[in-house]
Amino acid sequence: MDTHLHAHHDEVIGIKADAAARTHVSVERRQAMVREAAVDPNGFWGKEANRISWMVKPSKIKNTSFHDDVQIKWFEDGILNASVSCLDRHLEEGRGDRVAILWEGDDPSMDERVTYRELYNRVCRLGSAMRRLGIGKGDVVTIYMPMIVDAAVAMLACARIGAIHSVVFGGFSPDSLASRIQDGNSVALITADEGRRGGRSVPLKANADQALLECPTVKHVIVARNTDAPVNMHPGRDHWWATLARHADPVCQPEPMNAEDPMFILYTSGSTGKPKGVLHTTGGYMVWASFTHEVVFDYRPGEIYWCTADVGWVTGHTYIVYGPLANGATTLMFEGVPSYPDNSRFWQVVDKHQVNIFYTAPTAIRALMREGEKPVKRWRRDSLRLLGSVGEPINPEAWLWYYRVVGEERCPVVDTWWQTETGGILISPLPGSVAQKPGSATLPLPGVKPALVDNDGKLLEGATEGNLVITDSWPGQMRTVFGDHERFIQTYFSTFKGMYFTGDGARRDEDGYYWITGRVDDVINVAGHRMGTAEVESALVAHPKVAEAAVVGMPHEIKGQGIYCYVTLNAGEEPSDALLAELRNWVRREIGPIATPDAIQWAPGLPKTRSGKIMRRILRKIAANELDGLGDTSTLADPAVVDDLVANRVM
Ligand code: WT7
């Protein structure tokens, strides 16, 4: 493939020669890696394992099966501690004074530089303090934190003592927090007085107090001071972080962990039921985090790297904390939002900290694109060298704007496809060795084997479209659903036997490039946040006036998808604007602001088959205003229902 195509062509944008020359992974090197990983995975990943620190190096590399019980083991006789790769070895190798975390506050006048040595000290003190409280290997610790350095310290301290962290996004409600704590049987919670975002404060400790009313397993709550807001402290249960740290042993021996010992749980939404606890283990996850962070972002020592995600999501785990820190990078951690104090905030921060690598979500790009070029051009951005995108499909218009306006056609754009379950990036261009096409995540990384299958599971060849599966394991893969291996098998390996099903659909073009088309299940992606329509439905039906609800995604210009709800009220209840507002707030309170409905339509009835199954296909079409293609409605129990829904669609 021609890698030196010129940028005036919209379909294929090659990497300019200078960028290619400077890159880590040349075209030839990439081809060699792809070949070696395919032919000899044990040799290839055995070598890549050396990028992290081991107490005992693994001799067994890959031992995985997608059949029957589904067993995934990588580096299974290796012993390590993830925090050592992120901290100790940088001190040993003379990187102690390098800035590990460059923190930029929501308030533009606040920032903080934390060196690897300081980070090490803070992690060790918290780790020692947790051990003193009796927390240790295998215990689950929930982390409900704002985007402050202490969030990363808490994660690393858990890793250090072998506790399994379960980070819950700070935007989730007390109820959502409680159900995650309960599912994980957490023994401790780490939180802060408050968070800050876009000039507003988030009452984390108060939310936690409410959640903990239903969480008897939590024996200890560690509270970081952030805004200094007054909070209630529960004697015996709640501890100020600073007080614990002051009295803690500054030495904290890293817990020896088997490569397959659990490292963290992260809850994510599926098509049905409650969010699943995605479990990642230590060795494979760390190798994948380090490998992908280096090759995809073409990371080089000394560079300033910024991923705008929140540590509450997997992107924050792998590409704010573990990947960059394992590679000794300076990782920028941003507490704020792109629109506060104004729409040039991202670019102001880029200039202020001379950011080289910038990684954000399409929803942010689209929102900024709407504000025009001016807020971008107010800043120089000449430190930028590479741009990344993650979380949802990026439309070509947004891709090109990112490439032309933000990156001034100088920076390759890596559109990275992956999931909470995959631990790290699976499909993405490697800058300098894969020609880009706006809107395509391009090609799999070395060692990743995607395929497209039809609905019967038949493998499709060549240029085609189908369900995206991965046919063999990679080190960063999730190992199980916490506490429910059967659900793991059911969710990911039963739709298409012997293959990992991603839940996404994709098209593959004549160059073998993948174009992700979005979820093919009942998961929606709202502003890069993954949500199960079933979760929103159960929040709605929990309202005393609601009889039934059906929720679907609808196209949304900025957010990618919006939340469209059809609501049937109990007999005797009347629709009103007041009730509409009440239901919106209800869902916000039940789940969190990210689940706020974009549209609520009163539905006297829902389209159901004679056996009572809701025909969601029809509801999706009505929400999308695609009224011509409603398809065959004759199998419905009451076809007239559809006419009513069409006549009364909202927005
Ligand atoms: C779902 C996973 C990836 C970490 C953050 C989200 C969608 C993610 C892309 C992309 C098209 C994408 C998929 C996937 N998605 N990245 N580059 N292009 N779609 O992780 O919350 O587990 O969501 O996000 O639909 O299945 P997640």
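Cut-offs applied
- Residues numbered from 1 in each chain as written.
- Predicted model: local features only at pLDDT ≥ 70, side-chain atom pairs only at ≥ 80, totals over all residues.
- Heavy atoms only, no water.
- Pairing = 2+ DSSP bridges.
- Helix = DSSP H or I, 4+ residues; strand = E, 2+ residues; numbered from the N terminus.
- Axes fitted to C-alpha atoms, helices over the stretch in contact; angles between N-to-C directions.
- Near = heavy atom within 4 Å.
- Polar contact = N/O pair within 3.5 Å; in protein donor to acceptor, adjacent residues only side chain to side chain.
- Areas by Shrake-Rupley, 256 points an atom, 1.4 Å probe, with all protein chains shown as cover.
- Nonpolar A, V, L, I, M, F, W, Y, C, P; charged D, E, K, R; others polar.
- Phe/Tyr/Trp six-rings, centres within 6.5 Å; stacked < 30°, edge-to-face > 60°.
- Buried < 20%, exposed > 50% of the residue type's maximum accessible area, 1.4 Å probe, protein only.
- Lys NZ or Arg CZ within 6 Å of the ring centre and 35° of its normal.
- Patch = residues over 30% accessible without salt bridge, like charges linked within 9 Å, V, L, I, M, F, W, Y side chains within 5 Å.
- Salt bridge = Lys/Arg side-chain N within 4 Å of Asp/Glu carboxyl O.
- Lys, Arg positive; Asp, Glu negative; His and termini not counted.
- Charge placed at Lys NZ, Arg CZ, Asp CG, Glu CD.
- 1 Å grid on protein atoms, 1.4 Å probe; cavity = no way out; pocket = protein on both sides within 12 Å on 5 of 7 lines; lining within 4 Å.
- Points joined across faces, edges and corners; volume = space filled by probe spheres on them.
- pLDDT = per-residue confidence, 0-100.
- Contact = heavy atoms within 4.5 Å.
- UniProt positions renumbered as here; feature names shortened; annotations may be inferred.
- Parallel < 35°, antiparallel > 145°, perpendicular 65-115°, else oblique.
- Left-handed = near helix turned anticlockwise from the far one by under 90°.

Draft legend 1. Spotlight on the sheet that holds strand 16 (residues 304–307). With mixed pairing, seven strands are arranged side by side in an open sheet as 5-4-17-16-18-19-20. Edge strands, defined here as strands with exactly one partner in the open sheet, are strand 5 (111–115) and strand 20 (413–416). Along the sheet, successive strands turn relative to each other by an average axial angle of 20°, direction set aside. Across four bridges, strand 18 (residues 357–360) lies against strand 19 (residues 386–390) in parallel orientation. Bridge pairing in strand 19 links Phe358 to Leu387.

Draft legend 2. Spotlight on the site of the ligand. Around the ligand there are 17 residues in total, and Asp415, Thr416, Thr420, Asp504 and Arg530 lie nearest to it. Within the backbone of Gly391, one N or O atom sits 3.2 Å away from a nitrogen atom of the ligand. Take Asp415: an N or O atom from its side chain is 2.7 Å from a nitrogen atom of the ligand. Protein coverage of the free-state accessible area of the ligand, which is 550 Å², stands at 95%. Sorting the residues of the shell around the ligand by element identifies helix 11 (314–326), strand 20 and strand 26 (514–519) as the ones contributing at least two each. Taken together, the residues that form the shell around the ligand break down as six nonpolar, six polar and five charged.

Draft legend 3. How the structure looks around the packing of aromatic side chains. The tally for this structure, following the rule as stated, stands at 33 aromatic pairs. Ring geometry for Trp306 versus Phe358: centroids 5.1 Å apart, planes at 75°, classification edge-to-face. Pair noted here: Trp306 is in strand 16 and Phe358 is in strand 18, with a separation of 52 residues, a long-range link. By the burial criterion, Trp306 is buried, and Phe358 matches it. With a centroid separation of 6.0 Å and 85° between ring planes, the pair formed by Tyr319 and Tyr359 is classed as edge-to-face. Here Tyr319, found in helix 11, pairs with Tyr359, found in strand 18; they are 40 residues apart in sequence, far enough to count as distant. For Tyr319, a relative accessible area of 0% gives the class buried. Classification of Tyr359 as buried rests on a relative accessible area of 0%. Feature note: the residues Phe66, Trp474, Phe488, Tyr492, Phe493 and Tyr500 constitute an aromatic cluster, connected by ring pairs. The aromatic ring of Tyr513 is capped on one face by Lys437, whose charged end is 4.5 Å from the ring centroid.

Draft legend 4. Region of interest: a negative patch on the surface. A contiguous patch of negative charge on the surface is contributed by Asp68, Asp69, Asp183, Asp484 and Glu486. With respect to the helices and strands, Asp484 occurs in the loop between strand 24 (480–481) and helix 16 (485–493).

Draft legend 5. Main features of the layout of surface pockets. In this model, the second largest pocket occupies a volume close to 370 Å³. Contributing to the lining of the second largest pocket are 21 residues, with Gly270, Ser271, Thr272, Thr491 and Asp521 lying nearest its centre. Sorting the residues of the lining of the second largest pocket by element identifies helix 16, strand 25 (500–508) and helix 17 (533–541) as the ones contributing at least two each. The residue inventory of the lining of the second largest pocket, partitioned by class, reads four nonpolar, eight polar and nine charged.

Draft legend 6. Fine view of the confidence of the model for the protein. Of all residues in the protein, 97% attain a pLDDT of 70 or more, and the chain-wide mean is 95. Complex prediction metrics read pTM 0.96 and ipTM 0.99.

Draft legend 7. Summary view of the side chain of Ser173. Its location among the elements puts Ser173 in the loop between strand 7 (164–167) and helix 7 (174–184). Residue classification places Ser173 among the buried positions, given a relative accessible area of 5%. In this structure, Ser173 is in contact with Arg588, Arg589, Glu590, Ile591 and Gly592, ignoring residues within four places of it in sequence.

Draft legend 8. Examining the UniProt feature "binding site: Mg(2+)" (unreviewed entry) in the protein more closely. The UniProt entry lists Val541, His543 and Val546 under the feature "binding site: Mg(2+)" (unreviewed entry), expressed in the numbering used here. If near-sequence neighbours (up to four positions away) are discounted, Val541 is found in contact with Val546, Ala547, Glu548 and Ala549. Inspection of the secondary structure puts His543 in the loop between helix 17 and strand 29 (546–556). The residues contacting His543, other than those within four sequence positions of it, are Leu579, Glu582, Leu583 and Trp586.

Draft legend 9. Structural detail: the environment of Leu212. With respect to the secondary-structure elements, Leu212 resides in helix 8 (residues 204–212). Here Leu212 falls in the buried class, since its relative accessible area comes to 9%. In this structure the C-alpha to C-alpha distance between Leu212 and His239, which are 27 residues apart in sequence, comes to 15 Å.

Draft legend 10. How the structure looks around helix 4 (residues 82–92). Counting buried positions along helix 4 yields nine of 11 residues, so the element is predominantly enclosed. All of the buried residues along helix 4 are Ala82, Ser83, Val84, Ser85, Cys86, Leu87, Asp88, Arg89 and His90. If you follow the buried residues of helix 4, they end up packed against strand 3 (79–80), helix 5 (116–132), helix 6 (149–161), strand 14 (262–268), helix 10 (282–296) and helix 11. Among the residues trailing helix 4, Gly94 stands out with phi positive, at a value near 80°.

Draft legend 11. Region of interest: the sheet that holds strand 21 (residues 450–453). Ordered by their spatial adjacency, five strands build an open sheet running 22-21-23-25-26, and the pairing between neighbours is antiparallel. The open sheet has two edge strands, strand 22 (459–460) and strand 26, and neither has a second partner. Where strand 25 lies against strand 26, five bridges are found, and the strand directions are antiparallel. Bridging from a neighbouring strand, Ala506 pairs with Ile516 of strand 26.

Draft legend 12. Highlighting the packing of helix 7 against helix 8. Look at helix 7 against helix 8: their axes get within 8 Å of each other, and the N-to-C directions meet at 55°. Taken together, the axes of helix 7 and helix 8 lie oblique to each other. As helix 7 runs across helix 8, the sense of the crossing is right-handed. Residues Pro174, Leu177, Ala178 and Ile181 of helix 7 form the contact with helix 8, whose own contacting residues are Asn207, Ala208, Gln210, Ala211 and Leu212.

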